[in-house]
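Examination of the molecular architecture
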Amino acid sequence: MAHPMSPPALVRPLPDDDQTDGGRRRRPSPWHFLLLPLSLLMLTPLVWMVVTAISTPAEARQFPPSLPTSIQWSNFADVWTGSPFGRWLVNTAVVSIVVVISNLILCSLAGYAFARLRFRGSGLAFMALLTTLMVPFQVVLIPTLLIVKSFGLIDHLGALIVPNLVTAFGVFMMRQFFIALPPDLEEAARIDGASRLGVFLKILVPLMGPPLATLAILTFLSIWNDFLWPLVAIQSPENMTMQLGLSTFQGAHLTDWPLLMAATLMSQLPVIVLFIAGQRVFVRSIASSGIK
Amino acid sequence: MAPIVLEGLRKVYPGKQPVVALEGLDLTIDDGELVAFVGPSGCGKSTVLRCVAGLEKLSAGRVIIGGREVQELPPGRRDLAMVFQSYALYPHLSVYNNLAFPLKERSVPRSERDLEVRRIAEMLELTPLLRRRPGQLSGGQRQRVAMGRALVREPMAFLLDEPLSNLDAKLRTQMRAEIAEIHRRLAITSIYVTHDQVEAMTLGQRIVVMRDGRLQQQGSPAEVYENPVNLFVAGFLGTPSMNLLTGRVSQGELTAGPLRLIVPGAPDGDMILGVRPEGLIPATGHDDGLCLEVVVSHVEALGNENLVHVRVSGSDEAAKALVLRSPPRFSPRSGEHVLVQVDPSQLLLFDLRTEERVPITGPVIASGDRHTVA
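On a predicted model such as this, the values are computed, not experimentally measured, just so you know.

1. Considering the overall build of chain B
- Each helix and strand counted, chain B has 8 helices and 22 strands in total.
- The proportion of buried residues among the 374 residues of chain B is 41%.
- Taking the contacts inside chain B whose residues are at least 6 apart along the sequence as the reference set, 66% of them involve residues at least 24 apart.

As structure tokens, this is what we get:
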């Protein structure tokens, strides 16, 4: 009990736990009535995939769909034993990781150049770069195939890596980041004696965490889930990536849906884990960079 | 430490409509001198600093620091240090590493580097903060770290770009005194850019007034304040700014509103009469012919003095607002008619057309018996 002569409390009462969570309001909003059913609707395919992955083929073909009577863990084992799933996983991981790393390095360097270096034709070059963003991939599919073929990379993992080493989207995104960054830090470092590359490596790279994380996630997702380009560039089963390999579960007359869904579920696990791990950085960076 | 010579500096930003940011600037800054550049936004004062630092490429001219031409050298090889308005502290580095950065870039051995950083930290009372990041510091502490980073390697010259403008009034006064003390102790040649004339007047051993990329006047603070070369300098320096009355000189007699004055040496023509607020004094009864009757608009009581805003009555043209600085005991009511005396020694004359100062070669006296207006 407070002393009758005690001064008025200077400390604000703690916020009610029911009302806030780390500063965010948790009160129900009318939007929730719309958003919750929409979220459930969007989760439906995922739930259906999980349910099918643990069903028997007969249960999978039932309509209306129902929960399996017993969980068929064997579907997951069958995927590994009945197909070169491990090889596809390694192929996809190699391609994705190499492409992500090269994009982080090359896109940030090119973005820095477009944002900070004044050179003749930089505006024109940047416009040309932006224009490539507006051309659908299907339009450049054949020219890309011819170029890759001339490199002798057809049916080789290099065919999936080389065309994606640097992307126009990545350069654009990193340029936007550098433009938003006040130049004072770089100027201070240059006066302090750092070279251009020194400024980039010692001052800018440590500040590039959020945009690099976003670029990494976006690039990883697009490469991991890419189907069309691997379909054109790869023929041998041992060089296939995950998405291409999944298509082999689909036959002309018969599809083993539980196996296909079990493989799909396993192929999506790394992506889901990556997104959950990086979603806070991802959302913040997308919001701050003005890129959607 | 070294003198800085600026010769014919010209900077044009190209474009469809090229912008001339600097035009023909010539200036010599002596060894150990602190020169304050002052002027309104866009006058080119920061461009001078950036050109000296090497952050902008000059369109023409030479920058000579310590006898060495540096305009073609990159910023890092000019041996300068700069304090930015935003402080530009490296956010991912601790205070210690921020201070050590310039030394690391110059490959100073670790032990020597450590000694230097600790010496500067001691001097600027930053020792307890060495492990903190810039984000964990107050505005004043950040400012001090920025100063420390500039001082740590003892540069030939020191460039300060509005270093106090992000601080509150109290802290600004304190830091101003600290900068003055550091400069007095180290005597490093310094260029200080500010739009705050109080900073310029109190810190600068010499001040340079800029306008539209051109140097308007340079000199000691007192000299520039008391003897402005043109109307711009007269109006820019001083708070409140100089009182201005339009008038006309004919055969050595100036008529400006109700005032009729003999102005020896002034040519005939339209003129502007300028008098600082401290040049208008509440009259003590005796009128020597240099008095004005004015109507009080309002009084700003600042504690140590009052700023009395008045209007000259009796003349359509010169129904002008004037300000006089008075002791706190002089505090008339709004609407009150009071008599103020013009200090003839503080009268300045400017040509209305050219805005240049017109010299007065002798003492100013009243041309009639009595010039007060009822």
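2. A word on the interface of chain A and chain B
- In this complex, chain A contributes 14 residues to the contact, which on the side of chain B involves 17 residues.
- No other element matches the 6 residues that helix α9 (residues 184–191) of chain A contributes to the side of chain A that touches chain B.
- Split into classes, the residues belonging to the side of chain A that touches chain B amount to 8 nonpolar, 2 polar and 4 charged.

3. A word on the sheet that holds strand β2 (residues 19–29) of chain B
All names here are of chain B.
- Taking strand neighbours across the sheet as the criterion, the 4 strands line up as β2-β1-β4-β5 in an open arrangement whose pairing is antiparallel. The open sheet has two free edges, formed respectively by β2 and β5 (68–69), since each of these has just one partner strand.
- In the sheet, strand β4 (residues 60–65) pairs with β5 via 2 bridges, with the strands oriented antiparallel. Looking at the pairing, Ile64 lines up with Glu69 of β5.

4. Thoughts on the sheet that holds strand β10 (residues 214–219) of chain B
Residue and element names in this part refer to chain B.
- In spatial order, the strands read β6-β7-β8-β3-β9-β10; together these 6 strands make up an open sheet with mixed pairing. The open sheet has two edge strands with one neighbour each: β6 (80–83) and β10. Taken over all neighbouring pairs, the strand axes of this sheet differ in orientation by 20 degrees on average, direction set aside.
- In this sheet, strand β8 (residues 189–194) lies alongside strand β3 (residues 34–38) in parallel orientation, the contact comprising 5 bridges. Of the residues in β8, the one forming a bridge with Leu34 is Ser190.

5. Looking at the confidence of the model for chain A
Residue and element names in this part refer to chain A.
- Here chain A shows a mean pLDDT of 84. Residues at 70 or above account for 87%.
- Considering each helix and strand of chain A separately, the mean pLDDT is smallest for strand β1 (residues 20–21), with a value of 48, and largest for helix α4 (residues 85–116), with 94.
- Within the model, the stretch residues 1–22 combines pLDDT values under 50 with 7 contacts to residues more than four positions away or in other chains.

6. Quick look at the nonpolar core
- Core analysis: the biggest nonpolar cluster contains 158 residues, and Met82(B) and Leu159(B) have the highest contact counts within it.
- Per-element tally for this core: the top contributor is α4(A), with 10 residues.
- Of the domains in this structure, domain 1 (4–231) and domain 2 (241–366) of chain B are the two that each give at least three residues to this core.
- Discounting chain neighbours no more than four positions away, the residues touching Met82(B) are Ala188(A), Ile191(A), Ala53(B), Ala150(B), Leu159(B) and Asp161(B).

7. Things to note about the packing of α4(A) against helix α8 (residues 168–180) of chain A
All names here are of chain A.
- Packing of α4 against α8 brings their axes to within 7 Å, and their N-to-C directions diverge by 50 degrees. The angle between α4 and α8 places the two elements in the oblique class. As α4 packs across α8, the resulting crossing turns out to be right-handed. Residues Asn103, Cys107, Ser108, Ala110, Gly111, Tyr112, Phe114, Ala115 and Arg116 of α4 form the contact with α8, whose participating residues are Gly170, Val171, Met174, Arg175, Phe177, Phe178 and Ile179.
- Grouping the constituent residues of the contact of α4 with α8 by class yields 10 nonpolar, 4 polar and 2 charged.

8. With respect to unusual backbone geometry
- Cis geometry marks the peptide bond from Phe63(A) to Pro64(A), where omega comes out at -5 degrees.
- In this structure, Pro64(A) sits in the loop between α2 (57–60) and α3 (74–82).
- Following Thr239(B), the chain continues to Pro240(B) via a peptide bond in cis, the omega torsion being -5 degrees.
- Assignment of secondary structure puts Pro240(B) in the loop between α8 (231–236) and β11 (243–250).
- The backbone of Tyr87(B) shows a phi angle near 70 degrees, a positive value even though the residue is not glycine.
- You can see Tyr87(B) is positioned in the loop between β6 and α2 (95–105).
- Since 23 C-beta atoms lie within 10 Å of it, Tyr87(B) is described here as buried.
- Backbone geometry at Ser107(B) places phi at a positive 55 degrees, although glycine is not the residue there.

9. Some remarks on the domain arrangement of chain B
Residues and elements named next belong to chain B.
- Under the domain assignment used here, chain B contains domain 1 (4–231) and domain 2 (241–366).
- Centre-to-centre separation of domain 1 and domain 2, based on C-alpha positions: 39 Å.
- Listed as interface residues are 4 residues of domain 1 and, on the opposing side, 5 residues of domain 2.
- Residues of the side of domain 1 that touches domain 2, tallied by class, amount to 3 nonpolar, 1 polar and no charged.

10. Some details on helix α11 (residues 209–224) of chain A
- Look at α11(A): 22 Å from first C-alpha to last across 16 residues, which is about the 22 Å you get at 1.5 Å a residue.
- Among the residues of α11(A), those classed as buried are Pro211(A), Leu212(A), Thr214(A), Leu215(A), Ala216(A), Ile217(A), Leu218(A), Thr219(A), Phe220(A), Ile223(A) and Trp224(A).

11. Thoughts on the environment of Thr354(B)
- Among the structural elements, Thr354(B) can be located in the loop between β20 (348–351) and β21 (357–358).
- A count of 11 C-beta atoms within 10 Å places Thr354(B) in the exposed class.

12. Examining α2(B)
- Among the 11 residues of α2(B), 9 are classified as buried, and the element is accordingly described as predominantly covered.
- Of all the residues in α2(B), the buried ones are Val95(B), Tyr96(B), Asn98(B), Leu99(B), Ala100(B), Phe101(B), Pro102(B), Leu103(B) and Glu105(B).
- Looking at the buried positions of α2(B), the neighbouring elements they touch are α10 (196–204) of chain A together with α3 (110–123) and α4 (139–151) of chain B.
- Of the residues one or two after α2(B), Ser107(B) is the one with positive phi, at around 55 degrees.

13. Regarding the pairing of β4(B)
Residues and elements named next belong to chain B.
- Bridging between strand β1 (residues 4–13) and β4 involves 5 bridges; their strand directions are antiparallel. Bridging across to β4, Ile4 finds its partner in Ile65.
- The turn linking β4 back onto β5 is made up of 2 residues, and Gly66 within it adopts a positive phi angle of 60 degrees.

14. Concerning the pairing of β2(B)
Residue and element names in this part refer to chain B.
- For β1 and β2, the ladder comprises 7 bridges, and the chain directions are antiparallel. Looking across to β2, one finds that Lys11 is bridged to Leu22.
- Connecting β1 to the antiparallel partner β2 that follows it, the hairpin turn spans 5 residues, and Gly15 within it adopts a positive phi of roughly 160 degrees.

What counts and what doesn't
Residues numbered from 1 in each chain as written. Chains lettered and ligands numbered in written order. Predicted model: local features only at pLDDT ≥ 70, side-chain atom pairs only at ≥ 80, totals over all residues. Helix = DSSP H or I, 4+ residues; strand = E, 2+ residues; numbered from the N terminus. Buried ≥ 20, exposed ≤ 12 C-beta atoms within 10 Å, placed from the backbone. Contact = placed C-beta atoms within 7 Å. Nonpolar A, V, L, I, M, F, W, Y, C, P; charged D, E, K, R; others polar. Pairing = 2+ DSSP bridges. Axes fitted to C-alpha atoms, helices over the stretch in contact; angles between N-to-C directions. pLDDT = per-residue confidence, 0-100. Core = buried A, V, L, I, M, F, W, Y, C linked by C-beta atoms within 7 Å. Domains from an automatic or database assignment. Parallel < 35°, antiparallel > 145°, perpendicular 65-115°, else oblique. Left-handed = near helix turned anticlockwise from the far one by under 90°. Expected span 1.5 Å × (residues − 1).

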